Amino acid sequence: MKKVLILGGGVGGTIVANVLARRASPNETNITLVDATGRHVYQPGFIYVALGDEKPENLVRDERGLLDKHVNLVIDEAILIDPDEKKVRLKSGRILDYDYLVVATGARLCPEELPGFEAAHHFYDLDASVRLSRVLDSFSGGRIVIGIGGMPYKCPPAPVEFACLLDYYFTRRGSRHKVEIHYLSPLPRVFPIESVAHLVQEIMDSGGIKYTQLFNVERIEPENNLVHSLEGESLKYDLLIVVPPHRGTKVVENSGLGDRGGWIPTDKYTLKAKGYDDIYVVGDATDIPISKAGATAHYEAKVVGENIAADIRGSGTKRLYDGKVQCFFDAGFKKGMRIAFDYEHPPKPARLSRRWYYMKMLIKKIYWSVILKGWI
Ligand SMILES: Cc1cc2nc3c(=O)[nH]c(=O)nc-3n(C[C@H](O)[C@H](O)[C@H](O)COP(=O)(O)OP(=O)(O)OC[C@H]3O[C@@H](n4cnc5c(N)ncnc54)[C@H](O)[C@@H]3O)c2cc1C
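The rules behind each value
- Residues numbered from 1 in each chain as written.
- Predicted model: local features only at pLDDT ≥ 70, side-chain atom pairs only at ≥ 80, totals over all residues.
- Heavy atoms only, no water.
- Disulfide = S-S within 2.5 Å.
- Buried < 20%, exposed > 50% of the residue type's maximum accessible area, 1.4 Å probe, protein only.
- 1 Å grid on protein atoms, 1.4 Å probe; cavity = no way out; pocket = protein on both sides within 12 Å on 5 of 7 lines; lining within 4 Å.
- Points joined across faces, edges and corners; volume = space filled by probe spheres on them.
- Nonpolar A, V, L, I, M, F, W, Y, C, P; charged D, E, K, R; others polar.
- Pairing = 2+ DSSP bridges.
- Helix = DSSP H or I, 4+ residues; strand = E, 2+ residues; numbered from the N terminus.
- Axes fitted to C-alpha atoms, helices over the stretch in contact; angles between N-to-C directions.
- Contact = heavy atoms within 4.5 Å.

Draft legend 1. Fine view of the state of the cysteines. Summed over all chains, the structure comprises 0 disulfides. Cysteine C164 remains unbridged, with the sulfur of C155 as its closest cysteine sulfur at 13 Å. By relative accessible area, C164 is classed as buried at 1%. The thiol of C327 is not disulfide-bonded; the next cysteine sulfur, from C155, is found 6.2 Å away. For C327, a relative accessible area of 21% corresponds to the partly exposed category.

Encoded structure:
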């Protein structure tokens, strides 16, 4: 009996578990997934909660109900990985051993790393999104500034998407003329992907969304409503929204498996932790220089689940992850873009269309029953 231990029940961990449970016989494979909360949260929905278009309770489900019946779920926090002994220590004191380990613990928000962050709002967790929705609801006018508190961060398009959706939000409320929306891009363009940046800039220009390029938020000065950049610029705000700095999780850092940011050095094709034949990494936890996105975690997880199953069965061809990512950008006014690429094929210039907006809405619906099961 081979023991597969999966740490993290987010997008990546859940798909690995379900794909593996379908492909490997329960007589030869014991699959255990450890998750710190036992609650699965659909993070792309945070934006819609902040904008009052989604109820928070619609984004959360019990992890148990999302997993194949052959997967054992342990609700506990992994605190230390010992790769030499092939053991993981949990917060409760329990120790689990493994033949294969999958680290899918995602990213950690570290607002404390940005001086003055307490004056900012954000939509990178559910509670903060609910708070922001109340603030936006009572916002009567002024300058809303949206910035990035550190790289890398999850879903690089999300903050610029939020700027576009704010344009739509205040237009619908009839108060757009009272609100200035100002996006601070950390890069020398408005969008992370060069071939798409031109179209996003057009959308922003036509919506009257202002932007400053190469503005990496370094600190906030709440007394004077000022946000300062690493590059030496400053901007006044009435309402400030900042993506908190991100790091890899504590269990990765404490186990000495992460780089300076806490991301695990990972082979971008095999998705094995570099230097370890029995440790796989999926999703935000890797150091692979592609988007930290659910779409990335999804495609990586399928490869890892299938490859571990093939290894245990001793048959079947192993796949390499080809860098596939496909996601949908909601530009507001019920229009969207599709962004798709892999290691060999950079994203093509995007087109704005209603079809891609509806595709994003469809994904929200099929996420629980199709995507997390690993069916597509
Ligand atoms: C506002 C916002 C919008 C987004 N929009 C999109 C989008 O449109 N498209 C897209 O593709 N992606 C989007 N994303 C990104 C996407 O949600 C993440 O990249 C994705 O969830 C990463 O999956 P993961 O499995 O690596 O980590 P996660 O889904 O974050 O899961 C990590 C899991 O690990 C658990 N965990 C952590 N530490 C431990 C531990 N020590 N022990 C046990 N369990 C632990 C956590 O409880 C969690 O369940 C968005 C994210 C945000 C915040």
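Draft legend 2. Just empty space enclosed by the protein, in detail. In total, this model carries 2 cavities of 30 Å³ or more according to the counting rule given. Taken together, P156, P157, P192, I193, S291, C327, I339 and F341 make up the lining of the largest cavity. Residue classes in the lining of the largest cavity are distributed as 7 nonpolar, 1 polar and no charged. Space inside the second largest cavity adds up to approximately 30 Å³. Lining the second largest cavity are G283, T286, I288, I290, S291, K292, A293, T296 and E300.

Draft legend 3. Representation of the sheet that holds strand β6 (residues 78–82) within the structure. Spatially, β6-β7-β8 is the arrangement adopted by the 3 strands of the open sheet, whose pairing is antiparallel. Of all strands in the sheet, those bounded by a partner on one side alone are β6 and β8 (95–97). Taken over all neighbouring pairs, the strand axes of this sheet differ in orientation by 20 degrees on average, direction set aside. In this sheet, β8 lies alongside strand β7 (residues 87–90) in antiparallel orientation, the contact comprising 3 bridges. Residue pairing for β8: R89 is matched across the bridge by I95.

Draft legend 4. The arrangement of the side chain of K360 in detail. Topologically, K360 is positioned in helix α8 (residues 354–371). Setting aside residues up to four positions removed in sequence, K360 forms contacts with Y48, E161, F328 and D330.

Draft legend 5. Up close: the pairing of strand β9 (residues 100–103). Side chains Y100 and V102 of β9 all project onto a buried face; the interleaved residues L101 and V103 project onto the opposite face, where all are buried too. Note: strand β1 (residues 2–7) against β9, 4 bridges, orientation parallel. Residue pairing in the sheet places I6 in a bridge with V102 of β9. Sheet topology note: the β9/strand β19 (residues 279–281) ladder contains 3 bridges and is parallel. Bridging from a neighbouring strand, V102 pairs with Y280 of β19.

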